[in-house]
Amino acid sequence: MKKLFPSYVRVPVIFAIVMIAMEYFIDSGDQPAFIKYPMLSLFLAVFLFLLVAIEIVVSAVDKVTYHLLTDDQKKQLEEAQSIPFTESKFYQGIMNKFTRSKDIEQESDILLDHDYDGIRELDNVLPPWWVNLFYATIIFGLVYIVRFHVVNDYTQAEEFDQEVALANIEIEKNKAANPVEEVTVDKVTLLTDVESLAKGKEIFTNACAACHKADGGGVVGPNLTDQFWINGGGIKNVFKLIAEGSKNNPTMVGWAKTLGTKEVQKVASYVLSLQGTKPAGAKPAEGEKWVEEAAPKTDAPATAATDTTNVATTK
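What comes next is a walk through the structure. Note that the structure is predicted; figures quoted are calculated from it, not measured.

Structural notes on the environment of glycine 200
Part 1 of the reasoning: Along the chain, the position of glycine 200 falls in helix H8 (residues 194-207).
Part 2 of the reasoning: Distance in space between the C-alpha atoms of glycine 200 and glutamate 286 is 23 Å, their sequence separation being 86 residues.
Part 3 of the reasoning: Once residues within four sequence positions are removed from consideration, glycine 200 is found in contact with Lys266, Val267 and Tyr270.

Laid out in structure tokens, this is it:
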């Protein structure tokens, strides 16, 4: 029997289909199923071995059977195998069922009487697959009209709201399963480790450099490298401004929802690390000078110490 696909194509294709089906039906999280569950790896190895063994056995049986044939039978087999697939009876039978086309010898049965300058027309029927598909669209349309315009099952807006509600439920489940500690203005601290500052620099370069320049010298936004601040300096004020945005400047939007508070903390820490760098071409100072006040000296008059970590009041 002539094989449509050789064994070196059949074996990998069948193996790939089984492997993909396992990945689809088995929930293994982030890891592939055959890695998370070692028994699946063993099953795949045995399955591949059986596929190869079956191909070897079938090939051996074909060879033995071929040698048992007579010369006439061998000749008939070779002639049958030399016929292209598109000319085989199997293929022709399928095409006849799908198209109901007539052979050239039978065209006279469907020849119309119309004659246009010697050009004659054949009365071919539409392909059955096309006709059945057309009928299916009509049935679908009728069901759709009854369901959504007569019974009023649900509207597209309602369906959208349902999908959004389901998505929000999944988000809440993920948050509950993977709780992330949020950083607030009261709890924020200045980060000084290399990894956090590197991440803050990366975010600043991508999101903030357009207004503040990559070196923090300022373009549209103010200079971030001097001691003058429009909304107050210090880690708490800078964190709050980046997280919530500026009420006085709509261009400075809040980034807490986009980045997350932990990433905002890293950006704020990186911004404060730019203090005193004095980049070339920096903008003139804006706002009021912010001084991180130290504890009062012992010989100084007793005065109320200022908590410089408090959030400044926006004027």
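Points about the nonpolar core
Part 1 of the reasoning: Counting residues in each nonpolar core, the largest one holds 21 residues, and the members touching the most others are Phe204, Trp229, Val238, Phe239, Ile242, Ala268 and Val271.
Part 2 of the reasoning: Counting only elements with at least two residues in this core, the list comes to H8, helix H10 (234-244) and helix H12 (261-273).
Part 3 of the reasoning: Setting aside residues up to four positions removed in sequence, valine 271 forms contacts with Phe204, Leu224, Trp229 and Val238.
Part 4 of the reasoning: Phe15, Met22, Leu40 and Leu44 belong to the second-largest nonpolar core, a separate cluster that totals seven residues.

Examining the packing of H8 against H12
Part 1 of the reasoning: Put simply, H8 and H12 touch, their axes get as near as 7 Å, and they point 90° apart. What the angle tells us is that H8 and H12 run roughly perpendicular. Contact residues: H8 offers Ser196, Leu197, Lys199, Gly200, Lys201, Ile203 and Phe204, while H12 offers Glu263, Lys266, Val267, Ser269, Tyr270, Val271 and Ser273.
Part 2 of the reasoning: Of the residues in the contact of H8 with H12, the class split is six nonpolar, four polar and four charged.

Things to note about the pairing of strand S2 (residues 119-122)
Part 1 of the reasoning: Taken together, the three bridges between strand S1 (residues 111-116) and S2 define a ladder with antiparallel strand orientation. Within S2, the position partnered with tyrosine 116 by the bridge is isoleucine 119.

Concerning unusual backbone geometry
Part 1 of the reasoning: Positive phi, normally seen in glycine, also occurs at lysine 213, with a value near 75°.
Part 2 of the reasoning: Note that lysine 213 resides in the loop between helix H9 (209-212) and strand S3 (228-229).
Part 3 of the reasoning: According to the relative accessible area criterion, lysine 213 is partly exposed, its value standing at 30%.
Part 4 of the reasoning: For lysine 278, which is not glycine, the phi torsion reads 50° and is therefore positive.
Part 5 of the reasoning: Along the chain, lysine 278 turns up in the loop between H12 and strand S4 (288-289).

Reading the values: the criteria
Residues numbered from 1 in each chain as written. Predicted model: local features only at pLDDT ≥ 70, side-chain atom pairs only at ≥ 80, totals over all residues. Heavy atoms only, no water. Helix = DSSP H or I, 4+ residues; strand = E, 2+ residues; numbered from the N terminus. Contact = heavy atoms within 4.5 Å. Core = buried A, V, L, I, M, F, W, Y, C linked by side-chain atoms within 4.5 Å. Buried < 20%, exposed > 50% of the residue type's maximum accessible area, 1.4 Å probe, protein only. Axes fitted to C-alpha atoms, helices over the stretch in contact; angles between N-to-C directions. Parallel < 35°, antiparallel > 145°, perpendicular 65-115°, else oblique. Nonpolar A, V, L, I, M, F, W, Y, C, P; charged D, E, K, R; others polar. Pairing = 2+ DSSP bridges.

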